[in-house]
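What follows is each chain in one-letter form.
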Amino acid sequence: ADAGAFLQRLFEGMGDVVECRQADASIHLTQRGLRIIRDLPEAEQERLLDCWVELFRGIVAAQRERKQLDVEHDGDVLHWTLTAAPTAKAVEAPA
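The notes below deal with the structure included here.

Calculation rules
- Residues numbered from 1 in each chain as written.
- Predicted model: local features only at pLDDT ≥ 70, side-chain atom pairs only at ≥ 80, totals over all residues.
- Heavy atoms only, no water.
- Helix = DSSP H or I, 4+ residues; strand = E, 2+ residues; numbered from the N terminus.
- Buried < 20%, exposed > 50% of the residue type's maximum accessible area, 1.4 Å probe, protein only.
- Pairing = 2+ DSSP bridges.
- Axes fitted to C-alpha atoms, helices over the stretch in contact; angles between N-to-C directions.

Bringing unusual backbone geometry into the picture now. In terms of backbone geometry, most residues other than glycine have negative phi values and most peptide bonds are trans. Unusually for a residue other than glycine, L34 sits at a positive phi of about 40°. Looking at the element boundaries, L34 is found in the loop between β2 (26–32) and α2 (42–61). If you check the backbone angles, D39 has positive phi at about 70° while not being a glycine. Here D39 lies in the loop between β2 and α2. Judged by its relative accessible area of 75%, D39 is exposed.

As structure tokens, this is what we get:
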């Protein structure tokens, strides 16, 4: 929940409208307006969003409780889904 609240405040601080809801073990954020890409040519919007998404994935992955952040881009809306990161399985040494 902390990572979701952090992202919501961050996106709102950028001037975007953000809706946040929790569902089971995930948090869904819908970000509208996307001021960061406003007035940019479409090709530049995609490049900027690609970099921007990776930045936020890194932020949530580096938290004490590892998270995974997925995003879907739909026009001037981003749909973010925040879940617990998959845990690595232990590998058994050969006998």
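There is more to say, and it comes next.
Strands sit in the order β1-β2-β4-β3 across an open sheet of four strands; the sheet is antiparallel. The open sheet has two free edges, formed respectively by β1 (17–23) and β3 (67–74), since each of these has just one partner strand. Each neighbouring strand pair of the sheet contributes to a mean axis angle of 15°, computed without reference to strand direction. Here β1 pairs with β2 via seven bridges, running antiparallel.

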